[in-house]
Amino acid sequence: MPSTAAAGRRPGAAAGRMAEDGGRGGATSPAAARRFVRCLYAVGFLDLFGVSMVVPLMNLHIKSLGASHTVAGIIGSLYGIMQLFSSTFVGCWSDIVGRRYSLLACILLSALGYFLLGTSTTVFLFAVSRVPVGIFKHTLSISKALLSDLVSERDRPLVMGRFNAASGVGFILGPVVGGYLTELEDGFYKTSFICASIFVLNAGLVWMLPWDEENFVNKKLERGKKRTDNSSAIRDCDSHLKPVTNGAMANDSAFQSPWVQIATVLKRIKEIASSDLWDIFLIRLLMSVAILLYYSNFTLALDERFGVKPLFSGYLMSYSSTLGVLAGCLLGPITRLYQHNTYRLLLHSSTFTCVLILLYASAPGMWMVVLSSTFLAFSTTIGRTCIIDLELTIGGNEASGTLLGVGQSVTSVGRIIAPLLSGIAQEFSPCGPPSLGVGLALIAILIMNINKQKYCSSGNVKLKNQ
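Residues numbered from 1 in each chain as written. Predicted model: local features only at pLDDT ≥ 70, side-chain atom pairs only at ≥ 80, totals over all residues. Heavy atoms only, no water.

Named according to an unreviewed UniProt entry, the chain is Major facilitator superfamily domain containing 9 originating from Gallus gallus. You can read under Subcellular location (unreviewed entry) in the UniProt record for the chain the words "Membrane". Under the UniProt heading Sequence similarities (unreviewed entry), the entry covering the chain gives this text: "Belongs to the major facilitator superfamily." (UniProt positions renumbered as here; feature names shortened; annotations may be inferred.)

Caption draft 1: Just the overall build of the chain, in detail. In terms of regular secondary structure, the chain is built from 21 helices and 2 strands. For the chain, the proportion of its 466 residues judged to be buried stands at 53%. Look at the contacts in the chain between residues 6 or more apart in sequence, and 82% of them connect residues 24 or more apart. Working note: accessible area of the chain is about 20700 Å², and carbon and sulfur atoms make up 66% of it. (Helix = DSSP H or I, 4+ residues; strand = E, 2+ residues; numbered from the N terminus. Buried < 20%, exposed > 50% of the residue type's maximum accessible area, 1.4 Å probe, protein only. Contact = heavy atoms within 4.5 Å. Areas by Shrake-Rupley, 256 points an atom, 1.4 Å probe, with all protein chains shown as cover.)

Caption draft 2: Quick peek at the pattern of salt bridges. Summed over the entire model, instances satisfying the criterion amount to 5 salt bridges. Put simply, K137 and D47 hold a salt bridge, and the shortest N to O gap is 2.8 Å. Here the residue K137 occupies a position in the loop between α6 (123-136) and α7 (139-150), and D47 occupies one in helix α2 (residues 31-54), the gap between them amounting to 90 residues. Since its relative accessible area comes to 0%, D47 is described here as buried. E391 is the salt-bridge partner of R284, the closest N and O atoms lying 2.9 Å from each other. Linking R284 in helix α13 (residues 278-296) with E391 in helix α18 (residues 366-395), this pair joins segments that are 107 residues apart in sequence. (Salt bridge = Lys/Arg side-chain N within 4 Å of Asp/Glu carboxyl O.)

Caption draft 3: The arrangement of the packing of aromatic side chains in detail. Throughout the structure, instances matching the rule amount to 10 aromatic pairs. Their ring planes at 70° and their centres at 4.7 Å tell us that Y294 and Y360 sit as a pair that is edge-to-face. Separated by 66 residues along the polypeptide, Y294 in helix α13 and Y360 in helix α17 (residues 342-361) bring together distant segments of the chain. Each member of the pair Y294 and Y360 is classed as buried. Each ring, one from F298 and one from Y360, has its centre 5.7 Å from the other, and the planes form 25°; the classification is stacked. With F298 in helix α14 (residues 298-306) and Y360 in helix α17, this residue pair connects regions lying 62 residues apart in the sequence. (Phe/Tyr/Trp six-rings, centres within 6.5 Å; stacked < 30°, edge-to-face > 60°.)

Caption draft 4: Up close: the nonpolar core. Of all hydrophobic cores here, the largest spans 99 residues; its most connected members are V54, Y114, L302 and V369. Examining the composition of this core, we find that 12 residues originate from one element, α2, more than from any other. Sequence-distant contacts of V54, defined by excluding residues within four places in its chain, comprise Y114, L117, F188, T191, S192 and C195. (Core = buried A, V, L, I, M, F, W, Y, C linked by side-chain atoms within 4.5 Å.)

So, in structure tokens, the structure goes:
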């Protein structure tokens, strides 16, 4: 049987390679973890593929039902508000009842929402269909929490980057398929039903994941780690799965009283609120708003500044999205180049983002806009992955669902604030929103520098004592 240390010395995939004995007559099962993680990549792809088929068509559909622009805006805002408040609760709930049940519940209830959307012949039914989606559409957050449970800290940025890349491919392909389907008779309704079917397919994929195998693999790893010294464990951590924490596998908490679960959720949220993670979430908020300000009036600003038609702006945004997918695939080599120092990578990517937004705001011609958009796709993708990794590293992996939920709520606050700030800044100049974004990014960079000692110790990100 290959030893644990020997297995750790082999170059492996993100989820690691591990030999094990026992189980089925001493047979090895190194593919169990890789299969699990790859299935989660497929879950992320199908999720955004289905959503992006429908979302671009919603405004047209609700207007065809006779809704005014104000009513359509109110319904859209209500969805954002539900996402804002539900993401923290659902993420914390996934820590308590286990990822399997919470992920299945979110996927199936989201499928119900899109099925109702496919039957929405009135504005009221349209609004009702957005309720289950607004509350439970947190599939990606729970999937990321599950990935965080399964992989080592050093491999986490790589796996998260690949997951984001797979989801990004779905987001790019979905609108193309949705646009084709909507040309058919009753195209929106058919697209909504297909989206609901994709979510049901996703639920089946989650149900068939090798949960028992993963539990066995991780228990074997935990026993193996107890037999090794600390230095060997550190050397092997980048190529091994971690023991599944209290959120990864379903446990008896799934069958507790709902009141007990609610009380536990509130207790965990209170612990996060009273922790010293405020600076991490503030950095995430500032950078999110800065990037949203960059995109807020992108098409209008290019038209006013350079006379560029919306079609070219659309091509440029699609080009940036494609580069973002590529950036997710390159996170592995980049993190190795930075010796897995998440803080330093986040600081550099945020600084680069700030400089690129400044170049866009002061661009003398379209060549500068294309150049800044090209590199911004890389810096923003890297920054988003790094801030999530830093949240989990500083906050601890035991509450990964809660941390990711709070982070998603923070981003939702940014989505509410950014349009207001963009409208005010745009009153002064088409370059106002990105210029304001530069200022917010500078504040985020300043906060990172002030709290450097909190994130770093001898050049490495360190865990907070739990």
